[in-house]
Amino acid sequence: QDPTAALSPPKQPIVFWLENTIPSDYREAIREGVLFWNRAFEAAGFQDAIQVQQMPANAKWDPADIRYNTIRWVSSYE
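The model shown is predicted, which means the values in this text are computed figures rather than measured ones.

**Student:** Looking at this structure, how should I read the sheet that holds strand E3 (residues 69-71)?
**Tutor:** Sheet strands pair by backbone hydrogen bonding; their relative direction is either parallel or antiparallel. Taken in spatial order, the three strands of this open sheet run E2-E1-E3, and their pairing is parallel. Each end of this open sheet is capped by a strand with a single partner; those strands are strand E2 (50-54) and E3. Strand-to-strand twist of the sheet, defined as the mean angle between neighbouring strand axes without regard to direction, takes the value 30°. Of the pairings in the sheet, the one linking strand E1 (residues 14-18) to E3 comprises three bridges and is parallel in character. Its bridge partner lying in E3, Trp 17 is registered against Thr 70.

**Student:** Help me understand the environment of Leu 7, please; the structure alone is not making it clear to me.
**Tutor:** Within the secondary structure layout, Leu 7 lies in the segment before E1. Residues Leu 7 and Ala 43, 36 residues apart in the sequence, show an inter-C-alpha distance of 8.7 Å. If we skip the residues at most four places from it in the chain, Leu 7 touches Glu 42, Gly 45, Phe 46 and Gln 47.

**Student:** I would appreciate a short explanation of the packing of aromatic side chains in the present structure.
**Tutor:** Each aromatic ring pair is characterised by the separation of its centres together with the angle its planes make. Inspection of the entire model under this criterion finds three aromatic pairs. Arranged with centres 5.4 Å apart and planes meeting at 65°, the rings of Trp 17 and Trp 61 form a pair that is edge-to-face. In this pair, Trp 17 is assigned in strand E1 and Trp 61 in the loop between E2 and E3, connecting sequence segments 44 residues apart. The pair formed by Trp 17 and Trp 61 is uniform in burial state, with each residue classed as buried. Ring geometry for Trp 61 and Tyr 68: centres 4.2 Å apart, planes at 10°, overall stacked. Tyr 68 gets classed as partly exposed once you look at its relative accessible area, which sits at 28%. Each residue in the set Trp 17, Trp 61 and Tyr 68 is aromatic and connected to the rest through ring pairs, giving one cluster.

Quick notes on the rules
- Residues numbered from 1 in each chain as written.
- Predicted model: local features only at pLDDT ≥ 70, side-chain atom pairs only at ≥ 80, totals over all residues.
- Heavy atoms only, no water.
- Pairing = 2+ DSSP bridges.
- Helix = DSSP H or I, 4+ residues; strand = E, 2+ residues; numbered from the N terminus.
- Axes fitted to C-alpha atoms, helices over the stretch in contact; angles between N-to-C directions.
- Contact = heavy atoms within 4.5 Å.
- Phe/Tyr/Trp six-rings, centres within 6.5 Å; stacked < 30°, edge-to-face > 60°.
- Buried < 20%, exposed > 50% of the residue type's maximum accessible area, 1.4 Å probe, protein only.

Honestly, it's all geometry; don't read function into it.
Set out below in structure tokens:
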């Protein structure tokens, strides 16, 4: 947003969505792991470049929709 600032929010952050199938016990750890990448973006001058949001229970979009960066929980061996 402000190219003259040493640290500035991006014009459009990268948003990752946590799919509802992720067990509640793991959601916060996954969120923290994704947000840890903000340190790398801060070194490049971007503040809070990555955001993590919980997928709404009544979402009108499918987690497989490629327009959304969705972190999904898969528990199969295949």
